[in-house]
Amino acid sequence: MVGGEERENLCCAEAGNKVKDVRRQSIGCLVMLAKVKDMFVMNFGAVPRDPENGDWSFVIPNEAITHPNGFPGTGVPGENDNGFWLLNANEGETHSVRHPEVGWITGKIVNFLHGYAHLRDVYAAVVVPSEDNRPRLAWTFGPICNVASIPVIEIRVPTVRDAVNYWNSVGYQYDLLHALACVIAHELGHTILWHIDHNEQVQNGEDEISILTNGDKGHHVYGQHRMRCFMWPYFPPGVVPDLDNDGAWDSLPFPNLPTDFCDSDPGCQNLWRLNP
Amino acid sequence: MRKVAWITTIVFALSSFCLSSPPGGYPRPPRANAEAEEKLKEAYAAYVQGQYQKAIRLSLEVYEKYGDVEAKWFPSWVRRVVKGHLPDPYNKNEVLGRTIESGFLFTMAIRSTFPSYLLARCYNALGDDKETARWAAELRKWVYGDEIMLVFSLPYPSGYVKPSAPRNTWRPLPLKFREEDYFILVPLDQACKVLGIPFQYKVNPKTGKRTGAKIGEKGLISLMGRPFARNIRGEVDDMAYAPYEEDGVVWVPFYWLAKQAGIRWWEVRNGKIYVAPKQGTK
């Protein structure tokens, strides 16, 4: 129990160096003083596309989160060392819980944007589908060790599908579910590695290959870290664009998508602050 | 022309690599005022419906007057589905919160755009490399590093534009239509007949109400307030505007049906929908 408290404080102290709202982070630490946490993902995209007409496929299939290749999570904390687990966000009993900042909240067992998941002594991340105009596959709001808001991950499923279709059209055989799992895992990695900057000298957008060299929020850095990891900054992992302008890609993606966060020094798995 | 095709291919190929996913929090364009918002809504609809020149004109008007401002809105169909108060589309926390609390996917229903994004996309669709590069550079204010490439790899709702027959040879379709949020909507029965697309309504046997329609053998659209759809090949091909039924008439975005029928060039002129010759049916 005590060890757990220290670890949580360490986590938030580091995050606090990166954000202005140190006080809020500290409140978060106090609330999360608890046993070793589990971690779960609430999938708000688990909505049938057109159930009335027989299309029961989900906007974000749950298998994209429970996919065995996407979330073995050997280095990820969680129930029985199984890493992340899925909690169906649209099910659950209605409860009232007391939130330290806003008072009593009523709703479904996990259907709160603010705080409730943390009150259950678990870490939670929320995945929602998006149509935002950002030209990205997915993006993340906030670290997981912040009680003021659950980390939200927005994912553009059609964009992932387009990427998979493109690579499959040129000879790869990527599985869409595995690809979605990789993208979601990458974002979940951000929620945990929020405070990790692998290359502090590079500021956002100040050099032409910043994605490859930035290293912010746990991103891997070209030339320093393994490509076969969820935290490689490109999708599919392994790919490196034409950096020297010779008209050829500097590296093609791996034939098979990665299945885990890396563990080699200073691998992602060594950087977890949740349940080391 | 060959050069344009080659560049497009390279850009597409390259762009498929650049799918990084950094955390949120990077700069967004400033919020559009009411006038800019309305023009950007119109420009967005023009872009989706393949009217790229119109989208460019409107986007440039906004850009020159107000700069690169961002409009966000909920399409009118959302108000048919969601009873009561809608979240403020510019308030990200409220949109996320309501998505999580209500189960309705506000994050997917919301539309947003800004001039440099539309201009880069439209010029690229037209094959204008010079202007594409110019607006891609402008986009770099808001787009993270190499993700700029992704702007050009996403498929276009109405495809690229190739040369077509002169407009004076286009023919009008005997089809009534209505305009909503600048989208051209047509009656499904009438449109499918005119375009030669087989279709069949799906009806809930318990209520007797229409729930959707099969388009061809494998296509599927919903009439339950969702823009989710599958095209005539059975592939996921969601709409930019959700179909709906009103007084027994099912209204569907024409651009989507036109695509299913193989129509690439069309426009509204003198109160009628005109299509290029030999493009009317498939």
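Q: Could you give an account of the overall build of chain B, with specific residues and numbers?
A: In terms of helices and strands, chain B carries eleven helices and 13 strands. Looking at chain B as a whole, 56% of its 282 residues qualify as buried. Counting contacts in chain B only where the partners sit at least 6 residues apart, residues at least 24 apart contribute 58% of the total. Split by element, the accessible area of chain B, about 12400 Å² in all, is 52% carbon and sulfur.

Q: With reference to specific residues and values, describe the confidence of the model for chain B.
A: All names here are of chain B. In this model, chain B carries a mean pLDDT of 87, and residues with pLDDT of at least 70 account for 87%. In this model, residues 1-20 is a region of pLDDT below 50 whose contacts with residues beyond four sequence positions or in other chains number 45 contacts. Confidence metrics for the complex model read pTM 0.81 and ipTM 0.84.

Q: Quick rundown of unusual backbone geometry? Include the residues and the values.
A: The residue after F235 of chain A, namely P236 of chain A, is reached through a cis peptide bond having omega 0°. By secondary structure assignment, the location of P236 of chain A is in the segment after α7 (210-213). For Y182 of chain B, which is not a glycine, the phi torsion comes out positive at approximately 70°. Considering the arrangement of structural elements, one finds Y182 of chain B in the loop between β4 (178-180) and β5 (183-187).

Q: Help me get a handle on the pairing of β5 of chain B, residues and values and all.
A: All names here are of chain B. For β5, a buried count of five out of five residues is recorded, marking the element as mostly surrounded by other parts of the structure. The pairing of β4 with β5 spans three bridges and is classified as antiparallel. Note on β5: the bridge partner recorded for E180 is F183. Linking two consecutive strands that pair antiparallel, namely β4 and β5, is a turn of two residues; a positive phi of about 55° is found at D181 within it.

Q: Mind laying out the side chain of R121 of chain B, listing which residues take part and the relevant values?
A: Within the secondary structure layout, R121 of chain B lies in helix α7 (residues 115-126). For the buried R121 of chain B, no salt bridge is present, and the opposite-charge side chain at shortest range is D162 of chain A, 7.9 Å distant. Separated by 2.9 Å, the side chains of R121 of chain B and Y47 of chain B make a polar contact. Ignoring any residue separated from it by four or fewer positions in sequence, one finds R121 of chain B in contact with Y47, V151, F152, L154, P155 and Y156 of chain B.

Q: Break down helix α6 (residues 176-192) of chain A for me, with residues and values.
A: The first and last C-alpha atoms of α6 of chain A sit 24 Å apart over 17 residues, in line with the 24 Å expected at 1.5 Å per residue. Of all the 17 residues making up α6 of chain A, 15 are buried; the element is thus mostly covered by neighbouring parts of the structure.

Q: Account for the pattern of salt bridges, with residues named and values stated.
A: Summed over all chains, the structure comprises 22 salt bridges over all chains. Of the charged contacts in the structure, one is a salt bridge between R269 of chain B and E267 of chain B, with a shortest N-O distance of 2.9 Å. E267 of chain B sits in the buried class, given a relative accessible area of 13%. Here the residues in one salt-bridge network are D132 and E154 of chain A together with R28, E70 and K92 of chain B, joined through shared partners.

Calculation rules
- Residues numbered from 1 in each chain as written.
- Chains lettered and ligands numbered in written order.
- Predicted model: local features only at pLDDT ≥ 70, side-chain atom pairs only at ≥ 80, totals over all residues.
- Heavy atoms only, no water.
- Helix = DSSP H or I, 4+ residues; strand = E, 2+ residues; numbered from the N terminus.
- Buried < 20%, exposed > 50% of the residue type's maximum accessible area, 1.4 Å probe, protein only.
- Contact = heavy atoms within 4.5 Å.
- Areas by Shrake-Rupley, 256 points an atom, 1.4 Å probe, with all protein chains shown as cover.
- pLDDT = per-residue confidence, 0-100.
- Pairing = 2+ DSSP bridges.
- Lys, Arg positive; Asp, Glu negative; His and termini not counted.
- Salt bridge = Lys/Arg side-chain N within 4 Å of Asp/Glu carboxyl O.
- Polar contact = N/O pair within 3.5 Å; in protein donor to acceptor, adjacent residues only side chain to side chain.
- Expected span 1.5 Å × (residues − 1).

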